[in-house]
Every structure is written in structure tokens, then in C-alpha cells.
Amino acid sequence: MSQTGTDRVKRGMAEMQKGGVIMDVVNAEQAKIAEEAGAVAVMALERVPADIRAAGGVARMADPSIVEDVMNAVSIPVMAKARIGHITEARVLEALGVDYIDESEVLTPADDVYHIKKDDYTVPFVCGCRNLGEATRRIREGASMLRTKGEPGTGNIVEAVSHMRQVQSQIRHLRGLSEDEVMVYAKDNGAPFDMLMEIREAGRLPVVNFAAGGIATPADAALMMQLGADGVFVGSGIFKSNDPERFARAIVEATTHYDDYKLIGELSRGLGTAMKGMEMSTLAADQRMQDRSQ
Amino acid sequence: MTTIGVLGLQGAFREHVRSIEASGAESVVVKKVEQLENIDGLIIPGGESTTMRRLIDKYNFLEPLHDFGKQGKPIFGTCAGLILLASEIDGSYDVHLGLMDIHVRRNAFGRQRESFEVDLDIEGVAEGYNAVFIRAPYIERVGESGKVLATYNGHIVAAQQDGYLACSFHPELTEDHRMTAHFVKMVEESKKSLAL
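Everything numeric in this text was worked out from a predicted model, so none of it was measured. (Residues numbered from 1 in each chain as written. Chains lettered and ligands numbered in written order. Predicted model: local features only at pLDDT ≥ 70, side-chain atom pairs only at ≥ 80, totals over all residues. Heavy atoms only, no water.)

A. How the structure looks around the overall build of chain B. A tally of regular secondary structure across chain B gives five helices and twelve strands. For the C-alpha atoms alone, the extent of chain B along its principal axes is close to 40 × 35 × 30 Å. Relative to its full complement of 196 residues, chain B shows a buried share of 61%. Across chain B, contacts joining residues at least 24 apart in sequence account for 64% of those joining residues at least 6 apart. When the accessible surface of chain B is totalled, it reaches about 7600 Å², and 45% of it is carbon and sulfur. Computing the positive centroid from 20 side-chain charges and the negative centroid from 28, chain B places the two 5 Å apart. (Helix = DSSP H or I, 4+ residues; strand = E, 2+ residues; numbered from the N terminus. Buried < 20%, exposed > 50% of the residue type's maximum accessible area, 1.4 Å probe, protein only. Contact = heavy atoms within 4.5 Å. Areas by Shrake-Rupley, 256 points an atom, 1.4 Å probe, with all protein chains shown as cover. Lys, Arg positive; Asp, Glu negative; His and termini not counted. Charge placed at Lys NZ, Arg CZ, Asp CG, Glu CD.)

Structure below.
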């Protein structure tokens, strides 16, 4: 008897994306550019995060016709975003046949308390996290893949770095704890005890963890790989640069060869202007997407 | 000691390394062409075949990989790796290495929601093998000198031809190393015959 939607099948899909770049696209033409540049998947959206930020208002699941156009245009996997806690948007995306759903803080949350119970779905989910507590809660809800939240649409890598370091450092700390200490650590971090025990034993998360939220250059992508990311999501960074095709190719190569600095230097040479970034201190509290979920 | 490389441009290559080592051979991640000289066999892992092909072209891996196979050194392609090995890809003129005489269909079982796991019998390799299929291809036809090792729902999902081994599923995602061990044996035998 064959089984669909098992943990192994859903987590395994993310394993196949490792070492790769997942790119945000808003139409079929951009999706083809991404595929041609070597993206391992595309995220089909109505607007990239920088434009969502600029537009304000409520950001929702993309129009299904955009998602379908992208699915018809490329043979690589297609992901799409649902609002946090929006069970129906997620079911609609699953029915459309998307390959992965991002339950994302980039969109305006539909539920300010609960996330989707993701293990009920056949389609796998990716979720954002800033620390081990958020990571383990999302996994327990059924996420098959994680990513740092970073601060989307800013072109500023500082938050993604902080979130990746935080998760890694907490895993290292956890490894040194005794079993009775893990119980208190679980309580303090709102993390499921048994999952912490598993992570303590394995020395790593049970799912793939990508970097996301502020990657704008090949060097940014390589930095995140160096810090232990399994791969990278690039949202606004590609199609908000002044030469998307070159940026896309350069970011893919820098991710593969993240420790070949000579190559990254070559890739960065004369690449043109990256997206205009934002300094974190200029963001008001209500503009911080990462604070939209716990 | 037998050393088996895993092409490490993109995908689940570290899991293959673990599986090779558990099967008693040495393993190395291959990111540069010159590393091919120091290995006895190669695994092309699962991942995205279009991404891997783009990186293969970028780093001029295509000819060296082709030559590697033609020298008689074994290659094992899993999922995306199977597509890269194939001599014919359904609906596409873009054949990659074309080393193995098989006709394949990409994403043949459907999208991710149709991905599945199932227990398979693999001829001469394993019975009741837990095979994980992820947006997997299958083989429509195997050439005359090839041998079908496993089928699922009437579709060929594992085959062998001379030094080439290919499967639609992901042996690296489970703790069952029998498929990898079979390849390690193929590499050990080829090493002996190449030394003669």
C-alpha cells in the first residue's frame, strides 16, 4: 500500500531543495527567468514583500490565476503563501496543486493566536521562526520545513542573521543540558519537551531550515549558508534589483559555492544596484512583519 | 579502500555520504571537476534536475562526467540523477549525460501532493524496501542491454545497465542502506576489473 502526505514524503521534498535558492515571482515570465537561472523552486505571489510593505493594507493569498499561470510556466516546484491561521486559503492552495505552502507572516495574519494545524494536510508547509521555541512549535503543528523570518522586503540581512544564529546557538546550548534541565528549558521557551530531547540527541532540527527575509546580494546568500542555512529564499532581492537575470544567476552560484570567496567576488563584480534597503530603526513597531506570530 | 563521490552541486548529497559510509566505503562530496579523478564511482543525488544541469554547465562538468562513465566507472542516479543519466527524456530535446539507455518521464507520478512512499521488491537487491518517491520520474523503456530491477503500478522505477544504476526513489532518505550497498558492490567489482 502506498501512502501520500507522510512526514517522510513532506520533509523529503524540502531535503531535495537543499543548497538551492527559492525565488519570489509575481507572474509566469518571472518564473521562467527564475527557473532558467537555476532556482530550485518559485514562490508565486501577487506582490513581492517590498511592494506589500509599500502598499500597506491587508495582504492576502494570491489570485489563483497567478498561481496557476506560474505552475503552467515551469517544471520546478511552485510554492504559494497563505495567511497565518487561514485554513481555507491553505486548503484552496492545496486544491490548486501547489507543491508547498508558506504559512507566512509576510501576509496579514488571519488568526492572531493559532497557526494552521498543518499535519492534517497532504501538501507540506514551510513556516518562519526566530528561535528554537518558534521552530519546535511550528514543527509540532506539522511544518515540514522552516525558514528564518528575517525582516521581509527590507533588503537588510541583519534580522535573518540574528534568527539563524539564535536557532543554531540554542541547539548548541541544548546539547549541553541534562534531561532535568531540558524540562525547564522547554517550559521557558514554550517548546515541546520530547522534540527538544530529539534535537538534543541529533544535534540538529528534524527538518530543513532555510534563510529568508532580507537577502539582497550573492554575498548575503553565501553568508547565510556559512551560518548554517540549508538554502535560501530570495523575495524582493531579485526582481527589485536593476538586472534580475544576472542577480538570480549570481545568487544561485554564490549559494552553491558559498565558501569560494574569489568566485563570489567575481559574481559581485559590476552586478549593478541591489534593491534599495531599509534600516531596521526606521521601521515602526507595526511594520515589523516578524512580530506578527510567536 | 573504495571511494565513492557524490555530486554536490545541489540537493540531498550529505544523506548519500552517510549512506555510503554506512555501507563500508569512503565518500567525498564532489564540487569541482578535478575531484572526479580520485573517485571509483559516483552518485548523482536527488534535487532539482534543471538546477543541477545549469550548475553542471556553468562549471563545465558535462564532458568530464560523460567521460567518467565511458571509462567504465559506475554511476548511480537517484530521482533527478536518473533524469541526468537518461538517453531520452519525454517531451524534451534536452538530454543531459545520455549515458544510460533509458527513456524517462519527469514528474511522472504528479505534483508534490501525489508524492508517496511504498514497500517495493528490488530484484537481486532487497525485498520489502521502503521507497520514497518525491515528484518522481519513472522509466518508460529500458534499452536491450539494461535490466529492470523494480516496478510500481506497472512503471519501471529501478534499472541497471552495465555500470549504471538508476532509481526513481530516494534511498538516502531512509535508514535502509541496501540499495546503496548494492552500488558499493558494483563499484568494488568495477575497480577490480579496471585494475586488470
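So that's the structure; there's more coming.
B. Representation of the interface of chain B and chain A within the structure. The interface is formed by 35 residues belonging to chain B together with 43 residues belonging to chain A. Across the chain B/chain A interface, buried area totals approximately 3200 Å², and carbon plus sulfur atoms make up 51% of it. Here chain B is connected to chain A by six salt bridges. The tally of links between chain B and chain A comes to 24 residue pairs in polar contact (both at pLDDT 80 or more). (Buried area = accessible area lost by both parts, 1.4 Å probe. Salt bridge = Lys/Arg side-chain N within 4 Å of Asp/Glu carboxyl O. Polar contact = N/O pair within 3.5 Å; in protein donor to acceptor, adjacent residues only side chain to side chain.)

C. Quick look at the packing of helix α7 (residues 158-175) of chain A against helix α9 (residues 193-202) of chain A. Residues and elements named next belong to chain A. In contact at an axis separation of 8 Å, α7 and α9 are set at 85 degrees when each is read in the N-to-C sense. In terms of orientation, α7 and α9 fall into the roughly perpendicular class. Judged by residue contacts, Ile171, Leu174 and Arg175 of α7 engage Leu196, Ile199, Arg200 and Glu201 from α9. Within the contact of α7 with α9, the residues separate by chemical class into four nonpolar, no polar and three charged. (Axes fitted to C-alpha atoms, helices over the stretch in contact; angles between N-to-C directions. Parallel < 35°, antiparallel > 145°, perpendicular 65-115°, else oblique. Nonpolar A, V, L, I, M, F, W, Y, C, P; charged D, E, K, R; others polar.)

D. Region of the structure containing the sheet that holds strand β2 (residues 21-25) of chain A. Residues and elements named next belong to chain A. In space, the eight strands of this open sheet follow the order β8-β7-β6-β5-β4-β3-β2-β9, with parallel pairing throughout. Where the open sheet ends on each side, the last strands, each with one partner, are β8 (208-210) and β9 (232-234). For this sheet, the mean inter-axis angle between neighbouring strands, taken without regard to orientation, is 30 degrees. (Pairing = 2+ DSSP bridges.)

E. Representation of the side chain of B:Glu48 in the model. Within the element layout of this structure, B:Glu48 appears in the loop between β3 (41-44) and α2 (49-58). An unpaired buried charge is present at B:Glu48: no salt bridge exists, and B:Arg135, the closest side chain of opposite charge, is 4.4 Å distant. Apart from the residues within four sequence positions on either side, B:Glu48 is in contact with A:Met16, A:Gln17, A:Val40, A:Ile76, A:Pro77, B:Gln10, B:Ala80 and B:Arg135.

F. Fine view of the sheet that holds strand β8 (residues 126-133) of chain B. Taken together, the three strands give an open sheet; going across it, the order is β1(A)-β7(B)-β8(B), and neighbouring strands pair in antiparallel fashion. Of all the strands in the sheet, the pair left with one neighbour each is β1 (3-4) of chain A together with β8 of chain B. Note that strand β7 (residues 116-122) of chain B and β8(B) share six bridges and pair antiparallel. Following the sheet pairing, B:Val118 is matched in β8(B) by B:Ala131. Seen against the sheet, helix α5 (residues 178-195) of chain B touches β7 and β8 of chain B and runs at an angle of roughly 105 degrees to β8(B).

G. Molecular detail of unusual backbone geometry. Residue and element names in this part refer to chain B. Backbone geometry places Arg135, a non-glycine residue, at a positive phi of 40 degrees. Tracing the chain through its elements places Arg135 in the loop between β8 and β9 (138-142). A relative accessible area of 7% means that Arg135 is categorised as buried. Phi is positive for Asp162, which is not a glycine, with a value near 50 degrees. Here Asp162 lies in the loop between β11 (155-161) and β12 (164-167).

H. Structural context of empty space enclosed by the protein. Tallied over the full model, the rule gives three cavities of 30 Å³ or more. By volume, the largest cavity amounts to about 190 Å³. Together, 22 residues line the largest cavity, and A:Pro49, A:Pro152, A:Ala212, A:Gly213 and A:Gly235 are the ones closest to its centre. Contributions of two or more residues to the lining of the largest cavity are made by β9 and α11 (236-239) of chain A. When the residues that make up the lining of the largest cavity are grouped by side-chain class, the tally is eight nonpolar, eight polar and six charged. What the second largest cavity holds in volume is close to 150 Å³. Lining the second largest cavity are 14 residues, with B:Gly47, B:Glu48, B:Cys79, B:Asn107 and B:Arg135 sitting closest to its centre. Looking at the lining of the second largest cavity, its residues break down into seven nonpolar, four polar and three charged. (1 Å grid on protein atoms, 1.4 Å probe; cavity = no way out; pocket = protein on both sides within 12 Å on 5 of 7 lines; lining within 4 Å. Points joined across faces, edges and corners; volume = space filled by probe spheres on them.)

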